[in-house]
Amino acid sequence: MCTFSREYSNYVDKMQKYSQQVLAAEESDESFVQLTCQQKEMEKLELQKADLQTNCSQTAQVMNGEKENTLKQEVEMLSKKLIAVQQLVERKTKELQQEQEKQLQHEQETQVLHKRNSAQLLRLKMQIRQLQKEQLT
């Protein structure tokens, strides 16, 4: 079992050394360097091609008026939403004003009731004092 693991580790080491040698040879080889440069250039060109194709389709949409129509529809939809929100805000402010008026009216009513109750209490106290005086005399 130990010999197998030793042989395997030797094999792994040899393969690593070999792959490093291949990489070093490829990096030093002029044709390989040119190939990598050409591959990078090819990737750049493919990206440019994709960009041009998307720009071309966007340009076609602008020329046909499709983009303008979609933008007009979006503007109309947003303006409708804005009007709806403004109406909602107006309705809520009216409701708020009505509630504030109700609250003010209730406060005034409670103040009137407090005054009436205090006046009744005062009269009752005076009547009690009078009755107490009459009883003493």
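Analysis parameters
Residues numbered from 1 in each chain as written. Predicted model: local features only at pLDDT ≥ 70, side-chain atom pairs only at ≥ 80, totals over all residues. Heavy atoms only, no water. Helix = DSSP H or I, 4+ residues; strand = E, 2+ residues; numbered from the N terminus. Buried < 20%, exposed > 50% of the residue type's maximum accessible area, 1.4 Å probe, protein only. Areas by Shrake-Rupley, 256 points an atom, 1.4 Å probe, with all protein chains shown as cover. Lys, Arg positive; Asp, Glu negative; His and termini not counted. Charge placed at Lys NZ, Arg CZ, Asp CG, Glu CD. Salt bridge = Lys/Arg side-chain N within 4 Å of Asp/Glu carboxyl O. Patch = residues over 30% accessible without salt bridge, like charges linked within 9 Å, V, L, I, M, F, W, Y side chains within 5 Å. pLDDT = per-residue confidence, 0-100.

Asks: Can you walk me through the overall build of the protein in this structure?
Replies: Secondary structure assignment for the protein yields 3 helices and 0 strands. For the protein, the spread of C-alpha atoms along the principal axes amounts to about 135 × 70 × 25 Å. Here the protein, with 137 residues, has 1% of them falling under the buried criterion. Here the protein has roughly 13,600 Å² of accessible surface; of this, 57% comes from carbon and sulfur atoms. Seen as two clouds, the 20 positive and the 21 negative side-chain charges of the protein have centres 19 Å apart.

Asks: Just to check I follow, could you spell out the pattern of salt bridges for this structure?
Replies: Taken as a whole and judged by the stated rule, the model has 1 salt bridge. The salt bridge partner of Glu95 is Lys92, with a shortest N-O separation of 4.0 Å. Residue Glu95 and its partner Lys92 are both found in helix α3 (residues 66–136); the two are separated by 3 residues, about one turn of the helix. Exposure remark for Glu95: the relative accessible area of 38% places this residue in the partly exposed category. Under the relative-accessibility criterion, Lys92 is labelled partly exposed at 47%.

Asks: Explain a nonpolar patch on the surface to me, please; I cannot follow it from the model alone.
Replies: Taken together, the side chains of Tyr8, Tyr11, Met15, Tyr18 and Val22 define a hydrophobic patch exposed on the protein surface, amounting to about 540 Å² of accessible area. Relative to the helices and strands, Tyr8 is located in helix α1 (residues 2–28).

Asks: Would you mind going over the confidence of the model for the protein with me for this structure?
Replies: In low-pLDDT segments, the atomic positions of the prediction should not be examined closely. Scored by pLDDT, the protein has a mean of 88; 97% of the residues are at 70 or more. The least confident element of the protein is helix α2 (residues 30–64), whose mean pLDDT is 81; the most confident is α3, at 93.

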